[in-house]
Amino acid sequence: MQLFITSLNSGSNGNCYYVGNEQEAVLIDAGISCRETERRMHRLGLSLRTVKAIFISHEHSDHMLGLPKLAQKYQLPVYITRPTADHSRVSLTGLALRDFQPYTPVQIGSLMVTGFPKYHDAADPHSFMVSGNGVNVGVFTDIGAVCEHVITHFKQCHAAFLEANYDEEMLENGRYPIFLKRRIRDGHGHLSNQQALTLLLDHKPAYMSHLLLAHMSKDNNCPQLTTALFTPHMGNTDLIIASRQAETPLYRIMTHLN
């Protein structure tokens with residue numbers, strides 16, 4: 001009654017999240033190089049041979065850059081919607097592309113992966129829930145605003161990767177040009193610390209054991225600030241900052257019945 005999770009990298013320089021059991025696993029996004037994915041999984045004692053599929057959330061390069069080589073080398077099916085594939089800036093030639101539909105679970109061994117729409121400035125962006133062994137793990141990043149799709153799934157999670165991209169004051173007073181600041185906070189960009197915290201306060205299930213704050217901006221956020229903001233509200237839930245430079249430890253997620 002458990003799953004294992006890690007963030008292999010999280011940020012505008014590349015995103016890749018691992019969810020699996022003892023026999024099989026999936027990757028959500030493949031935004032770092034194949035070699036770096038291999039290295040980071042090896043340091044965690046994980047083998048890419050257990051990965052059975054890659055799911056792509058949207059076409060931005062920090063979610064797809066490592067996909068072609070990784071999928072080709074390990075002969076992995078790539079679950080990607082048609083609009084996302086059509087807008088991809090990396091070559092998908094020769095890859096085993098498989099379409100998926102929102103709210104239609106895809107079975108990967110004993111894992112079930114469900115995609116659902118989100119607000120982001122991409123062609124057909126999706127978040128994901130990975131379920132198996134009675135455990136639900138959500139991947140909620142690159143979200144401009146919290147919608148009912150996110151709330152519905154977050155409330156079911158035993159663990160979640162949740163975007164906390166920027167501190168509002170740091171963004172406002174930072175060096176980014178006005179157009180980029182507007183893109184980030186216009187409802188189709190990224191979640192602020194406060195937006196993520198409000199989702200946590202309003203909808204965190206009592207049995208959530210781990211929350212990994214993800215896709216944190218290098219320029220407009222600070223791990224220490226975010227940790228201080230969230231920690232008083234975590235209760236029995238472990239708080240982890242997903243790094244822009246390295247993998248997190250491997251976490252075992254169990255149902256609240258264990």
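Overview of the structure.

Rules of the game
- Residues numbered from 1 in each chain as written.
- Predicted model: local features only at pLDDT ≥ 70, side-chain atom pairs only at ≥ 80, totals over all residues.
- Heavy atoms only, no water.
- Helix = DSSP H or I, 4+ residues; strand = E, 2+ residues; numbered from the N terminus.
- Pairing = 2+ DSSP bridges.
- Right-handed = clockwise from strand over helix to strand, strands pointing away.
- 1 Å grid on protein atoms, 1.4 Å probe; cavity = no way out; pocket = protein on both sides within 12 Å on 5 of 7 lines; lining within 4 Å.
- Points joined across faces, edges and corners; volume = space filled by probe spheres on them.
- Nonpolar A, V, L, I, M, F, W, Y, C, P; charged D, E, K, R; others polar.
- Buried < 20%, exposed > 50% of the residue type's maximum accessible area, 1.4 Å probe, protein only.
- Contact = heavy atoms within 4.5 Å.
- Polar contact = N/O pair within 3.5 Å; in protein donor to acceptor, adjacent residues only side chain to side chain.
- Axes fitted to C-alpha atoms, helices over the stretch in contact; angles between N-to-C directions.

**Things to note about unusual backbone geometry**
Within the chain, N133 stands out as a residue other than glycine whose phi angle is a positive 55°. One can find N133 in the loop between β9 (126-132) and β10 (135-140).

**Let's talk about the pairing of strand β13 (residues 238-241)**
Summarising the sheet, strand β12 (residues 210-214) and β13 pair through four bridges and their orientation is parallel. Each bridged residue has a counterpart across the sheet, and for L212 the counterpart in β13 is I240. Tracing the backbone out of β12, into helix α8 (residues 223-230) and back to the parallel element β13 gives a crossover that is right-handed.

**Notes on the layout of surface pockets**
Once rolled over the atoms, a probe with the size of a water molecule shows which space is left empty. Taken as a whole, the largest pocket encloses approximately 320 Å³ of empty space. Surrounding the largest pocket, 19 residues form its lining, S12, N165, R183, H190 and H215 being those nearest its centre. Considered class by class, the residues forming the lining of the largest pocket number four nonpolar, nine polar and six charged.

**What to know about the environment of Y103**
Within the secondary structure, Y103 is located in the loop between β6 (97-98) and β7 (106-108). Judged by its relative accessible area of 41%, Y103 falls in the partly exposed class. Along the backbone, Y103 and H153 are 50 residues apart, and their C-alpha atoms lie at a distance of 11 Å. Ignoring any residue separated from it by four or fewer positions in sequence, one finds Y103 in contact with T114, G115, F116, P117, H149 and H153. Here the side chain of Y103 touches H149 through a polar contact of 3.0 Å, side chain to side chain.

**Examining the sheet that holds β9**
As summarised here, the arrangement of the seven strands in space is β7-β8-β9-β10-β11-β12-β13, forming an open sheet in which the pairing is mixed. Each edge of the open sheet is held by one strand with a lone partner, namely β7 and β13. For this sheet, the mean angle separating the axes of adjacent strands, direction not counted, is 20°. As judged from the three bridges shared by β7 and strand β8 (residues 111-117), these two strands associate in the antiparallel manner. Note that in β8 the partner of I108 across the bridge is L111. Where α8 meets the sheet, its contacts fall on β12 and β13, and the angle it forms with β13 comes to roughly 165°.

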